[in-house]
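# An overview of the molecular structure
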Amino acid sequence: MIHVATVHWRDDRWLEPQRRYLGHNVEGPYRVYADLEGIPGDPPGVDVATRLQVDGVAPVVHAAKLNALAALIASAAEPTDILLFLDGDAFPVAPLDAFLEQTLARYPLAAIRRDENLGDQQPHPSFCATTVAFWTELSGDWNPGYMWKNAAGKDVTDAGGNLLGLLRDRDAEWQ
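In what follows, the accompanying structure is described. Just so you know, these numbers come straight off a predicted model, no measurement behind them. (Residues numbered from 1 in each chain as written. Predicted model: local features only at pLDDT ≥ 70, side-chain atom pairs only at ≥ 80, totals over all residues. Heavy atoms only, no water.)

## Here we look at the sheet that holds strand 2 (residues 30–35)
Hydrogen bonds along the backbone pair up the strands of a sheet, which may run parallel or antiparallel. Strand order across the open sheet formed by six strands is 3-2-1-4-6-5, with mixed pairing between neighbours. The sheet terminates laterally at strand 3 (48–50) and strand 5 (109–113), the two strands that pair on one side only. Going across the sheet, the axis of each strand differs from the next one's by a mean of 15 degrees, ignoring polarity. Looking at chain direction, strand 1 (residues 2–7) and strand 2 are connected through six bridges and run parallel. Bridge assignment links Thr6 to a residue of strand 2, and that residue is Ala34. Against the sheet, helix 1 (residues 15–25) contacts strand 1, strand 2 and strand 4 (82–87), and its axis sits at roughly 165 degrees relative to strand 2. Helix-sheet contacts for helix 3 (residues 97–106) involve strand 1, strand 4, strand 5 and strand 6 (123–131), and the interaxial angle to strand 6 is about 75 degrees. (Pairing = 2+ DSSP bridges. Helix = DSSP H or I, 4+ residues; strand = E, 2+ residues; numbered from the N terminus. Axes fitted to C-alpha atoms, helices over the stretch in contact; angles between N-to-C directions. Contact = heavy atoms within 4.5 Å.)

In structure tokens form, the structure reads like this:
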């Protein structure tokens, strides 16, 4: 089972294309968990619609929403299930099942890395896949924090920074 974690903020225009492309490019079973802050109702194609709150307050940071969705998924999923993070305006454009099976058999995590953004080194949440077991064991965290030097020689961090630090601490090779 693939569990898709996605955040849509105050705009529903990407919900239908994301649902359609998932339908075209995922053969096996999947569930979509979408945080829909500022979007009314429960749109079609979303299995679990949330308007997440932490301590009674909606998280304002994208990373906090992703972390909360991952915790929700982990509480309901099998350890061997796949956890797939997709930005709200992202969707697969090619079949995913075989790619995920082959890639996650070799690497514990696969993600976009934004090399064109002054050499960003961290996994990016626009597309990231791992197993529920690895995310939980790693105590996965999308927050910025862990720092690296960018191509301009400046110390930077961004969403996925802490995830990069956790992977490096474990010497976990990722794709």
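## Details of the packing of aromatic side chains
The description of two aromatic rings rests on the distance between their centres and on the angle between their planes. On inspection of all chains with the given rule, the structure shows six aromatic pairs. Here the aromatic rings of Phe99 and Phe127 are separated by 6.4 Å at their centres, their planes lie at 50 degrees, and the arrangement is tilted. With Phe99 in helix 3 and Phe127 in strand 6, this residue pair connects regions lying 28 residues apart in the sequence. When its relative accessible area of 35% is taken as the criterion, Phe99 is described as partly exposed. Exposure remark for Phe127: the relative accessible area of 14% places this residue in the buried category. An aromatic cluster of at least three residues, connected via ring pairs, comprises Trp14, Tyr21 and Phe91. (Phe/Tyr/Trp six-rings, centres within 6.5 Å; stacked < 30°, edge-to-face > 60°. Buried < 20%, exposed > 50% of the residue type's maximum accessible area, 1.4 Å probe, protein only.)

## Observations concerning helix 2 (residues 62–76)
Helix length check: helix 2 (15 residues) gives 22 Å between terminal C-alpha atoms against 21 Å at 1.5 Å per residue, within 8%. Along helix 2, the residues classified as buried are Ala63, Lys65, Leu66, Asn67, Leu69, Ala70 and Ile73. Here the buried face of helix 2 lies against strand 1, strand 2, strand 3, strand 4, strand 6 and helix 4 (132–138). (Expected span 1.5 Å × (residues − 1).)

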